[in-house]
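# Observations on chain architecture
Chain residues, written in single-letter form:
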Amino acid sequence: MIELPGLLQVWGIALIVSIMAILVVLSYLWHRADRRRPALHLDMLAIGLLAFLTGGFFWRVLTESGIMMPVGGGDIASLYYPTYLYEASQIKQGILPLWNPHLFAGMPLAADIQSALFYPINWVLYLFVDVNYGSIEWLLIFHYWLASTFMYIFLRDLRLTRTAALGGGIAFAFCGFMTAHLGHLPMILVAAWLPLSLLCLRRAHSTSGPGGWAWSIGAGLSMAISLFAGHAQIFSYSLLAVGLLWLVLLFDHKPVTFRSALAWAGKGLVAVVVLFGLTAMQFLPSIELSGQSVRSAISYEEASAFSAQPITLLNLLLPRVYGGNPGSYSPGDWQSTENWGYCGVITLALAAAALLFRRRKMLTYFAILLVLALLIMLGDLTIVGAWLYGFLPGFSSLRSTGRGLFLFGFALAGMAAFGLDGLLLLLRSHNVSIRRAVRWWLVGVSAVVGVAAVFVMPLFFSQTLQLNGAQYSRLPQAINDLGVLMLWLGLLAGVGWVCWRGRMSTGVAGALIVGLLVLDIFSPNSLFNPTSDNLLAGFQQFTARTVTYKLTRDKTTNIPFRLDSDYNAQDQWQPSTALLVSAEDPDVQMYDTGGAFNPLKLRRYDYLWGVAKDNFDSPLYDLAGARMRVVSSSTVLTNTQKWQPSDVYQAFRLYQDVNAMPRVFLVHDARVDTDGFHTVNSIRDFSVDPRHTVLLESGTGADSSLPGTAEPASSGETVVAQEYGSQDVVLDVTATAPGWVVLSDAWYPGWEATVNGKNVPVEIADHAFRAVHVDTGASQVIMQFRPATWAWGSLISLLTFLATLLALAAIVVVRKGSGRRRTIDNRRPLIDHEDHEA
C-alpha cells in the first residue's frame, strides 16, 4: 500500500472529493438556471467516475500493505526515485540543480530531459509534499486519471456522447502501452497531455477571430508542458500526432483557399513558437547534452530495437499468451515491457464498428494515425521507421520503435469511442437500413465467438505450438485467454442483440458495454505491475552504506573518494544509492563511478570508465577515484596488494582500492594527446602514470620531473577543497612550480574557472576530466557550472512567457470589444450534441 502520512492522505482525498462535489453542485445550479446551457455537472460526474475507476485499476497498491509497483522496480526505483528525491532536496535548500556530481563522475541534471526538473506538477510535489516512493506512485496514478480525463474532454469536444467519451478515456489511459510502461515514469507523464494538445489545436481551427489564436497558444502551451514532463521519444510521437491533425485540418476547409491555408499555417506557427520558446530552458541544454552523450549517434539497428513483430501482435487478442508480467514473460526477441499491447477485444470490436457506422473527419484522423503507428511499431520490418530515422529531426536519437504502440493505443481508443457513439445512436434508430447495418456488425462479433469456439479452441487443444524448435509452454495460457476473449465478445454480442430487439434501452446498453470494456482491459492489465517484493531493498543496506561513507572520506583534499557499484552487484546494491543517500541527508554525501542506466550519460566518461572497470588493476581505474568497490558475494579479487577486503555481507562484498587516487591533485608534467583512444589506453597500459602526468587534449604541454601531490614523493604542495557543492567547487592550491590542478570530475561545456579571480580555461584532462593551470605559490581555484545554453534558454523562455501573457491579454481585450464569439465548425454531427445521450 502507498505509504504517505496518514493525515495527508486522508485530508488530500477529502479535499479532492469536496472540491469535486462543490463543482458538481455549482455547475448543476448553473445549468438549472438556464436549460439551454450544457449539463456540465454530468461531465464532472463522469470525470469523478474516471477517478473512481483509476483507483479500481490500482486497487492493490492503494489498499494492500506491502504492495508496490512496478514488477522489478523498473526505472522508477533505480532512476527516477533517487533523481526526484535529490531534486526535491536541492530545491528545498534553495538550489536549482543544474549538475549532478554524485553519479557517473558528474553529469548535467537539468539538461537531462528525463529529470523533468521544470515539469510544473513535479514542483507541486517538491514544494508541498514529502517526496518518497509512495508519493511518486501517487504522482503516477494521478496521471492515469489525468490521461483518461483529457481523453474524455477531447472526445466530448468532438461531439461524442458522455458514454462514448467515457469508454474512450478508459481505453486510452489503461491500454497496453500505458500499463506496461508504468515503470518508465516520464512516458506516462508525457502521454497524458496528448489529448489536451489535440483538443486545443482543433479548437484553434474551429474558432474564428482572436479566440482561434488563443487556442493555438493553448496548443503550444500544452505541448510545452508535455515536453517538460520528461521523455523525448513519447513527446516526439505526440508531436507527430499533433502534426498529422494539423495536416488533416488543413484540408477541412471547403474549399481550401490560399487565404485559409495561410491562416492555418500561421496558427500552427504560433503553437510551434510558443512550444519551443517556452521550453528553450529545457530544449537548448538538452540538445547540447545529446551531442555530448552516448546518444549523440546511434545506428539504425539500435533505433529499431525492440520493435513489434507479427507474432507479438497476438498480444492484442490474447493478453497473457507470453506471460502476465515482466517477471513471467517468455524469452524471445521481444519483451513484455516494450510489446504488451493489450487494449481489449471490446475496444477492437468497437473500433471495427466505427469503420462501419461513422463518417467523420476525426475518425479518419484516428484511422490514419492507427496505420501510421502500426508501421512505426514494426521497426525494420517496414521502411517507414527507416524514413523517420533518416529524415525527421531528432528521430535518429530515439530507439525502441515498438513504442509507437503509444500512438496505436491512443488511436484505437479514439476509434472505439466513435464506434460506441455510432452503435448507440443507430440502435435507437427506427430506420430499417440503419438497423440492418447494426445487425451485420452483431453477426460479425457473434461469428468471431463462434469461430473461436468451434475451430480455434479445438485446434489449441489438439496441437502443440512450436517456437524456435522447442515446445511452447504458454499454450495452456493461450487457451485460457481465448476462453476469456469468447466471454467478453459473447457478452458484448448479447447486450447488442437484446438492445437491437428493443428489450433494453440504449442507456442501459451503453453502461453495460462500458462496464464490459472496464472488465476486459482491467482484468489482465491491472495485474501487470503490482508486486509484493520490496523494491527499495537495494537502497536499504544501511550498515554497508555507513561503512562505505566512512571509508570514502578523504581528509587530505576534503573531496570524498568514489564508490564503484558498477560491476555485478546491482541487484543487491542499487546503482543510484549514492544519489539517494545524498538527497536523504545533505550532511552525508556519497559519489559513485556509475549509476542506474542512463542513455544520456556523457560519451567521454562512458568510454574511459568502460575501459577502466574492465581493467580494474590498472592506473586508469585508480584515476577514477574509487576507493570502495561493491561486488557480488561470490566474487573474490585476488590482487591482494591492491584490493583489501573490507566487509562481507549476505549478498555482496566490499573491497578497498588502496591505490585509488585522490579526486583532486596537482601535477607539473603535461603532454598533449588529441586522440582520446590513445589517451585512455596509454594510462591503462601503464605507459603514462596519471599521478605524475596529465594528458591534455589541446594547449601546450610541459616536461617536469617534479612529483605531483598524488605521488608518494610529493612534499610541500597541497590541493584542498574549501567547498565542493553540486555546481560550485572552491580549491586552495599551494604549488612550488607551475602545474595543473586535475579534478576527476567529468568535463562538460559550461564549466567555468577562475584562478585568483582571473578567468582561465577549463581544459580536458585524460580524455574525460577537468584541469586548470596554476602558477607557483598560493592560488584559489573556483569552478562553477554556468552553461550558456541554460542562460540563453532561460532568457528565451522568460521572454516567450511574457509575450504569451501579453498576447492572451490582448485577445481578451479584443474579444470583449467584439462582444461575441464566432465559431466555424465543418464537422456537424448527425444529431444534436446533447440529444443523443445514451
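Residues numbered from 1 in each chain as written. Predicted model: local features only at pLDDT ≥ 70, side-chain atom pairs only at ≥ 80, totals over all residues. Heavy atoms only, no water.

### Let's talk about the packing of aromatic side chains
Threshold: Classification of ring pairs uses Phe, Tyr and Trp, with its six-membered ring standing for Trp, and accepts pairs whose centres are within 6.5 Å; under 30 degrees between planes counts as stacked, over 60 as edge-to-face, and the remaining range as tilted. Helix numbering and strand numbering both begin at the N terminus, where a helix is a DSSP run of H or I of at least 4 residues and a strand a DSSP run of E of at least 2. Using a 1.4 Å probe on the protein chains alone, a residue whose accessible area is under 20% of its type maximum counts as buried, one over 50% counts as exposed, and one in between counts as partly exposed.
Going through the model one piece at a time under the given rule, you end up with 39 aromatic pairs. Plain terms: the ring middles of Phe-142 and Trp-145 are 5.7 Å apart, the flat faces sit at 45° to each other, and that makes the pair tilted. On the criterion of helical spacing, the pair formed by Phe-142 and Trp-145 is a turn pair, its members being 3 residues apart in helix 6 (residues 133-157). Seen in terms of ring centroids, Trp-246 and Trp-264 are 6.2 Å apart; in terms of plane orientation they differ by 10°. Their pairing is stacked. One end of the pair, Trp-246, is in helix 12 (residues 232-250); the other, Trp-264, is in helix 13 (residues 258-278), and 18 residues separate them in sequence. Trp-246 sits in the partly exposed class, given a relative accessible area of 25%.

### A short note on the pairing of strand 15 (residues 751-755)
On a regular strand, each side chain points to the face opposite its neighbour's, so the side chains alternate between the two faces of the sheet. Keep this limit in mind: Following DSSP output, two strands are said to pair if at least two bridges run between them.
Burial of strand 15 is extensive: 4 of the 5 residues sit out of reach of the surface. With 5 bridges joining them, strand 15 and strand 19 (residues 777-785) adopt antiparallel strand pairing. From the neighbouring strand, Trp-751 faces strand 19, where its bridge partner is Phe-785. When strand 15 meets strand 16 (residues 758-760), the two strands line up antiparallel, connected through 3 bridges.

### Brief notes about the sheet that holds strand 6 (residues 626-632)
So the rule is basically this: To get an axis, fit a line to the C-alpha atoms, keeping to the stretch in contact for a helix; angles then go from 0 to 180 degrees between the N-to-C directions.
Across the sheet, 4 strands lie side by side as 5-6-8-7; this open sheet has mixed pairing. In this open sheet, the two edge strands, each paired with only one partner strand, are strand 5 (562-564) and strand 7 (643-648). Strand-to-strand twist of the sheet, defined as the mean angle between neighbouring strand axes without regard to direction, takes the value 25°.

### Here we look at the sheet that holds strand 19
Read across the sheet, 5 strands follow the order 12-13-19-15-16 without closing on themselves; strand pairing throughout is antiparallel. This sheet does not close on itself; its edge strands, each paired only once, are strand 12 (718-724) and strand 16. Going from strand to strand, the sheet's axes swing by 25° on average, the running direction of each strand aside.

### Re helix 5 (residues 120-128)
Convention followed: The directions from the helix axis to the C-beta atoms form the arc being described. Pairs of residues are marked as contacts when any of their non-hydrogen atoms sit within 4.5 Å.
Among the residues making up helix 5, those that are buried are Asn-122, Leu-125 and Tyr-126. Take helix 5 and look down its axis: the buried residues cluster within an arc of 95°, on one side only. Residues of helix 5 that are buried make contact with helix 4 (74-92), helix 6 and helix 9 (185-191).

### Overview of the nonpolar core
One broad trend across soluble globular proteins is that nonpolar side chains are buried collectively. Just so we agree on the cut-off: The definition of a nonpolar core used throughout is a set of buried Ala, Val, Leu, Ile, Met, Phe, Trp, Tyr and Cys residues joined through side-chain atoms within 4.5 Å.
Counting residues in each nonpolar core, the largest one holds 266 residues, and the members touching the most others are Phe-58, Tyr-84, Ile-170 and Tyr-365. Here this core gets 17 residues from one element, more than from any other, and that element is helix 20 (residues 405-427). Setting aside chain neighbours within four positions, we find Ile-170 in contact with Leu-50, Leu-53, Val-514, Leu-517, Val-518, Ile-521 and Phe-522.

### What about the confidence of the model for the chain?
Applied cut-off: Every residue carries a pLDDT, the predictor's confidence in it, which falls somewhere between 0 and 100.
Mean pLDDT over the chain stands at 89; residues scoring 70 or higher make up 94%. Taken element by element, the chain is modelled with least confidence in strand 4 (residues 470-471), mean pLDDT 46, and with most confidence in helix 7 (residues 162-173), mean pLDDT 98. Between residues 467-472, whose pLDDT stays under 50, and residues either more than four places distant or in other chains, the model counts 11 contacts. Note that pLDDT drops below 50 for residues 821-838; the model gives that stretch 52 contacts with residues more than four away or on any other chain.

### Overview of the environment of Ser-582
Keep this limit in mind: What qualifies as a polar contact is a pair of N or O atoms within 3.5 Å, subject to a donor-acceptor requirement within protein and to the restriction that residues adjacent in sequence count only when both atoms come from side chains.
Its place among the elements puts Ser-582 in helix 25 (residues 577-584). According to the relative accessible area criterion, Ser-582 is buried, its value standing at 3%. Here the alpha-carbon distance between Ser-582 and His-102, two residues 480 residues apart in the chain, equals 8.0 Å. Apart from residues lying up to four places away in sequence, Ser-582 is in contact with His-102, Val-588, Gln-589 and Met-590. Reaching out from Ser-582, the side chain makes a polar contact with the side chain of His-102 at a distance of 3.1 Å. Within polar-contact distance, the side chain of Ser-582 engages the backbone nitrogen of Met-590 at 3.1 Å.

### Some thoughts on the environment of Lys-254
Within the secondary structure layout, Lys-254 lies in the loop between helix 12 and helix 13. Taking relative accessible area as the criterion, Lys-254 reaches 70% and is therefore assigned exposed. Expressed as a C-alpha distance, the spacing of Lys-254 and Gly-419, which sit 165 residues apart in the sequence, is 26 Å.

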